[in-house]
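For reference, the chains in residue letters:
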Amino acid sequence: DTAVSQTPKYLVTQMGNDKSIKCEQNLGHDTMYWYKQDSKKFLKIMFSYNNKELIINETVPNRFSPKSPDKAHLNLHINSLELGDSAVYFCASSLPQGGGYTFGSGTRLTVV
Amino acid sequence: AQTVTQSQPEMSVQEAETVTLSCTYDTSENNYYLFWYKQPPSRQMILVIRQEAYKQQNATENRFSVNFQKAAKSFSLKISDSQLGDTAMYFCAFMIHRSQGNLIFGKGTKLSVKP
C-alpha cells in the first residue's frame, strides 16, 4: 500500500550505460517530481510534471529525460551515465496549494 | 530567488530534553508555505510539520512545534522530550503559494539524540 513507490531502490552501473528509474503514486495527486540528493545531502528539484505535462525543468543535462505516461507515473531515464550522476534520486507527488510532498523511498544510484 | 538557510550543520541533544533547530529564508513573496522534513538513516523523507505564511498561529504536531516569525523570515523547529528515534537529518523547506510548487530545501541539520 506504498503511497509513492520507486524502483529500484539501489542501482549500480558502469559509466556510459543507460538506466531508468520508475515511480508510481497511488494518492491521486496531479503533480509529480524528481529530486536529486547529492553526497552532501542537498536536495534539488530536477523536474516537475502536472497531469503528464512538464512544468518545471531545472538546469539538468539533457542526458536526463523524464517521461510521464499518465498522472500516476513519472519515470526518469538517464543516458550515458557519468560518475557525477551518483546520488540518491527521489520521486515525490503533491496536492496543489502547498499540501506538502509525499516522497518515495529514493533510489541510490552508484556509477562506477 | 528564494533561498533557505540552516545555520547548524550538526546538533546533539540528550534524550528527553528539548532542542531547537534554526531556519531562515529569503523571499519577496507574501504567500508561501514552510515545512520541516525529517530524513532518518532509512533515507525516507518524512513530513514533520507545515506552516502557512498567512497564519499567525504557530503549527504544532505532538512533540514538534515551530516558531514562525514572518517579519524576520525565521522558521525554527522545537522538538520536546527528544527520543532516540528523532535522530535524523532535518530539512527546512519553502514553497511559493501556487498550484504546482517547487520545494526549496535548506542544507539540513544532522540531529543526534543521545541516551
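The paragraphs below set out a description of the structure included in this document.

Reading the values: the criteria
Residues numbered from 1 in each chain as written. Chains lettered and ligands numbered in written order. Predicted model: local features only at pLDDT ≥ 70, side-chain atom pairs only at ≥ 80, totals over all residues. Heavy atoms only, no water. Helix = DSSP H or I, 4+ residues; strand = E, 2+ residues; numbered from the N terminus. Rg over C-alpha atoms; globule rule 2.2 N^0.38 Å. Buried < 20%, exposed > 50% of the residue type's maximum accessible area, 1.4 Å probe, protein only. Areas by Shrake-Rupley, 256 points an atom, 1.4 Å probe, with all protein chains shown as cover. Contact = heavy atoms within 4.5 Å. Buried area = accessible area lost by both parts, 1.4 Å probe. Salt bridge = Lys/Arg side-chain N within 4 Å of Asp/Glu carboxyl O. Polar contact = N/O pair within 3.5 Å; in protein donor to acceptor, adjacent residues only side chain to side chain. Nonpolar A, V, L, I, M, F, W, Y, C, P; charged D, E, K, R; others polar. Phe/Tyr/Trp six-rings, centres within 6.5 Å; stacked < 30°, edge-to-face > 60°. Lys NZ or Arg CZ within 6 Å of the ring centre and 35° of its normal. Pairing = 2+ DSSP bridges. Axes fitted to C-alpha atoms, helices over the stretch in contact; angles between N-to-C directions. Disulfide = S-S within 2.5 Å.

### Considering the overall build of chain A
(1) Moving on: Counting secondary structure elements, chain A contains zero helices and eleven strands.
(2) Moving on: The order of α-helices and β-strands along chain A, N terminus first, is β-β-β-β-β-β-β-β-β-β-β.
(3) Moving on: Radius of gyration (C-alpha) of chain A: 13 Å, near the 13 Å computed for a compact globule of 112 residues.
(4) Moving on: Based on the C-alpha atoms only, the size of chain A along its principal axes is roughly 40 × 25 × 25 Å.
(5) Moving on: When burial is assessed residue by residue, chain A has 45% of its 112 residues classed as buried.
(6) Moving on: Only carbon and sulfur atoms are counted for the fraction: they give 49% of the accessible area of chain A, which is about 5400 Å².

### What to know about the interface of chain B and chain A
(1) Moving on: At the junction of the two partners, chain B supplies 21 residues and chain A supplies 28 residues.
(2) Moving on: Of the roughly 2000 Å² buried where chain B meets chain A, counting both sides, 54% is carbon and sulfur surface.
(3) Moving on: There are zero salt bridges connecting chain B and chain A.
(4) Moving on: Scanning the region where chain B abuts chain A turns up nine residue pairs in polar contact (both at pLDDT 80 or more).
(5) Moving on: Elements supplying a minimum of two residues to the side of chain B that touches chain A: strand 5 (32-39) and strand 10 (88-96) of chain B.
(6) Moving on: No other element matches the four residues that strand 5 of chain B contributes to the side of chain B that touches chain A.
(7) Moving on: Here the residues of the side of chain B that touches chain A are counted per class, giving nine nonpolar, eight polar and four charged.

### Remarks on the packing of aromatic side chains
(1) Moving on: Applying the stated criterion to the full structure yields 18 aromatic pairs over all chains.
(2) Moving on: Their ring planes at 70 degrees and their centres at 5.8 Å tell us that A:Tyr35 and A:Tyr101 sit as a pair that is edge-to-face. In this pair, A:Tyr35 is assigned in strand 4 (residues 31-37) and A:Tyr101 in strand 10 (residues 101-103), connecting sequence segments 66 residues apart. You'll find A:Tyr35 and A:Tyr101 in the same group, each marked buried.
(3) Moving on: Aromatic pair A:Tyr35 and B:Phe105: ring centres 5.7 Å apart, planes at 90 degrees, arrangement edge-to-face. Of the two residues, A:Tyr35 sits in strand 4 while B:Phe105 sits in strand 11 (residues 104-105), which places them in two different chains.
(4) Moving on: B:Phe105 gets classed as buried once you look at its relative accessible area, which sits at 2%.
(5) Moving on: Grouping aromatic residues by their ring pairs yields a cluster made of A:Tyr33, A:Tyr35, A:Phe90, A:Tyr101, A:Phe103, B:Phe35, B:Tyr37, B:Phe91 and B:Phe105.
(6) Moving on: Against the face of A:Tyr10 rests B:Arg43, its NZ or CZ located 5.0 Å from the ring centre.

### As for the sheet that holds strand 8 (residues 73-78) of chain A
Residue and element names in this part refer to chain A.
(1) Moving on: Pairing within the open sheet is antiparallel, and its four strands lie in the order 1-3-8-7. Edge positions in the sheet fall to strand 1 (4-7) and strand 7 (64-70), since each of these pairs with one other strand and no more. Each adjacent strand pair in this sheet contributes to an overall mean axis angle of 15 degrees, direction not counted.
(2) Moving on: As paired elements, strand 7 and strand 8 share five bridges and run antiparallel to each other. Its bridge partner being in strand 8, Asp70 is matched across the sheet by His73.

### Re the state of the cysteines
Residues and elements named next belong to chain A.
(1) Moving on: Here the structure, examined in full by the defined rule, presents two disulfides over all chains.
(2) Moving on: Disulfide pairing is shown between Cys23 and Cys91; the S-S distance is 1.8 Å. Taking the sign of the torsion about the S-S bond as the criterion, the disulfide between Cys23 and Cys91, at about -75 degrees, is left-handed. Residue Cys23 is located in strand 3 (residues 19-25), and its partner Cys91 is located in strand 9 (residues 87-94); the two are separated by 68 residues in the primary sequence. Like Cys91, Cys23 is buried.

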